[in-house]
Amino acid sequence: MDPVTLPLARYDALPDALLRIGPREIRSVFPDPALIHLEGLAGAPVFLSVLLHGNETTGFFVLQRLAHWMRSHKLPRPLIIFVGNVHATEAGVRHLAAQPDYNRIWEGGPGPEHALAMEVLAVARDARPFAAIDIHNNTGLNPHYACVNRLEPEFLHLASLFSPTLVTFNNPSSVISMAMANICPAVTVEAGKSGDARGIERAFDLVLDTLHLHAFRTSGLERKVSIYETVGRVELARHLSFGFTETSDADLVFPADLERWNFTGLKAGTEFATSRVPAPVLRVVNARREDITADFFARDGNAIRLTRDITPSMLTRDPHILREDCLCYLMQEIPAPVEA
Ligand SMILES: [Zn+2]
């Protein structure tokens with residue numbers, strides 16, 4: 001029996017109806033994952049991916065902005081758009097229960113989604129793109145930031161068009177930006193919370209700026225940037241209750257405004273949380289899932305204090321994410337590899 005394949009629909013224009021629907025109606029326009037080839041005036045295409053995560057709708061609104069803009073402008077470069085998990089977008093979730101995460105399918109695998117990803121990558125490779133942009137959102141109070149998988153000047157130039165706040169990572173390696181980084185300068189943008197108006201504006205501007213750019217810098221930096229690398233992921237011990245006020249009687253209590261710590265340098269000694277439970281309540285793991293908690297946290301009575309300077313990201317008060325995913329990531333700033 002042939003393996004199940006997923007249809008990849010091809011288009012050569014953004015449908016007008018796109019301007020009249022919301023993200024949850026996406027399948028009235030794109031019933032299946034879609035690849036849209038738009039003509040431009042000259043040069044290599046920009047590759048844009050949106051909605052790899054169905055509940056991260058900023059990419060949808062960027063497509064609407066583009067459709068509107070294109071009514072009165074010609075694209076300076078061709079644009080190839082991959083519209084990813086339309087089924088999850090319709091349902092308003094990251095991915096359906098029966099699906100893999102569409103941003104973890106880009107280094108091969110047995111499923112139909114992996115085959116779909118390979119088909120998209122083959123098209124991208126043939127098109128010899130100028131740049132690749134993948135648009136995402138996150139929860140919690142984070143600045144708009146851009147992620148790169150390589151610290152080469154072209155990648156940093158592209159990323160810094162979106163934000164001076166950059167994060168570098170190589171894990172997980174199955175994300176689309178890692179696959180695209182083998183083809184052209186690639187960036188993942190984190191445009192704040194889903195649908196955040198300023199995030200939409202900024203992501204749209206990045207796409208337009210990239211379409212208008214003649215060439216990337218091959219040395220030096222375009223602007224001053226802060227580059228962070230992730231050193232650990234903080235998870236909660238199971239079966240703990242948690243709260244966010246000083247009067248909370250939960251097992252683990254965080255400051256009410258902990259999301260304000262995102263992308264803020266915290267000093268060694270900072271009280272990160274309090275707990276009356278003597279057993280370990282926080283666990284820090286590295287990319288290889290080794291326990292590195294002792295490198296970052298120490299108990300001081302009920303207080304859990306940082307033992308070194310660190311910058312957290314993705315801190316969230318969302319109880320579902322706290323339980324199912326993680327509390328936050330711990331990052332350290334690294335020097336920019338090239339001076340401005
Ligand atoms: Zn995402």
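Relevant structure appears above.
About the thresholds
Residues numbered from 1 in each chain as written. Predicted model: local features only at pLDDT ≥ 70, side-chain atom pairs only at ≥ 80, totals over all residues. Heavy atoms only, no water. Buried < 20%, exposed > 50% of the residue type's maximum accessible area, 1.4 Å probe, protein only. Helix = DSSP H or I, 4+ residues; strand = E, 2+ residues; numbered from the N terminus. Pairing = 2+ DSSP bridges. Right-handed = clockwise from strand over helix to strand, strands pointing away. Donors = N, O, S within 2.8 Å, 3.2 Å for Na, K, Ca; no water. Tetrahedral: all angles 85-135°; square planar, octahedral: opposite > 155°, others 65-115°. 1 Å grid on protein atoms, 1.4 Å probe; cavity = no way out; pocket = protein on both sides within 12 Å on 5 of 7 lines; lining within 4 Å. Points joined across faces, edges and corners; volume = space filled by probe spheres on them. Nonpolar A, V, L, I, M, F, W, Y, C, P; charged D, E, K, R; others polar. Axes fitted to C-alpha atoms, helices over the stretch in contact; angles between N-to-C directions. Parallel < 35°, antiparallel > 145°, perpendicular 65-115°, else oblique. Left-handed = near helix turned anticlockwise from the far one by under 90°. Contact = heavy atoms within 4.5 Å.

Draft legend 1. Just the pairing of strand S4 (residues 79–83), in detail. Of all five residues making up S4, five are buried, and the element is well covered by its neighbours. Of the two faces of S4, the one carrying Leu 79, Ile 81 and Val 83 and the one carrying Ile 80 and Phe 82 are both buried. In the sheet, strand S2 (residues 34–38) pairs with S4 via five bridges, with the strands oriented antiparallel. The residue bridging His 37 from the neighbouring strand is Ile 80, located in S4. Here strand S3 (residues 46–50) pairs with S4 via five bridges, running parallel. Counterpart to Leu 48 in the pairing with S4 is Ile 81. With respect to chirality, the unit in which S3 leads through helix H1 (residues 58–69) into the neighbouring parallel S4 is right-handed.

Draft legend 2. Up close: the coordination of the zinc ion. With distances of 2.0 to 2.6 Å, the protein atoms coordinating the zinc ion are His 53 (ND1), Glu 56 (OE), Glu 56 (OE) and His 136 (ND1). In this structure, the zinc ion is coordinated by four donor atoms arranged in irregular fashion, with angles at the metal of 55 to 145 degrees. Mapped onto the sequence, the donors of the zinc ion take the spacing H-x2-E-x79-H. With His 53 in the loop between S3 and H1 and His 136 in strand S5 (residues 131–136), this pair connects stretches of sequence that are 83 residues apart. Assigned by exposure class, His 53 and His 136 land together as buried.

Draft legend 3. Here's a closer look at empty space enclosed by the protein. Under the counting rule described, the total for this entry stands at one cavity of 30 Å³ or more. One number sums up the size of the largest cavity: a volume of about 40 Å³. Phe 47, Ser 49, Ala 132, Ile 133, Asp 134, Ile 176, Ser 177, Met 180, Ala 186 and Val 187 are the residues that line the largest cavity. Of all the elements in the fold, those that place two or more residues in the lining of the largest cavity are S3, S5, helix H5 (176–181) and strand S8 (186–190). Residue composition of the lining of the largest cavity, grouped by class: seven nonpolar, two polar and one charged.

Draft legend 4. Quick peek at the packing of H1 against helix H6 (residues 197–212). Viewed as axis vectors pointing N to C, H1 and H6 meet at an angle of 55 degrees, and their least axial separation amounts to 9 Å. Considering the angle they form, H1 stands oblique to H6. Considering how the two elements wind past one another, H1 and H6 form a crossing that is right-handed. For the pair H1 and H6, the contacting residues are Thr 58, Phe 61, Val 62, Arg 65, Leu 66 and Trp 69 in the first and Gly 199, Ile 200, Glu 201, Ala 203, Phe 204, Val 207, Leu 208 and His 212 in the second.

Nothing here speaks to function; it is all geometry.
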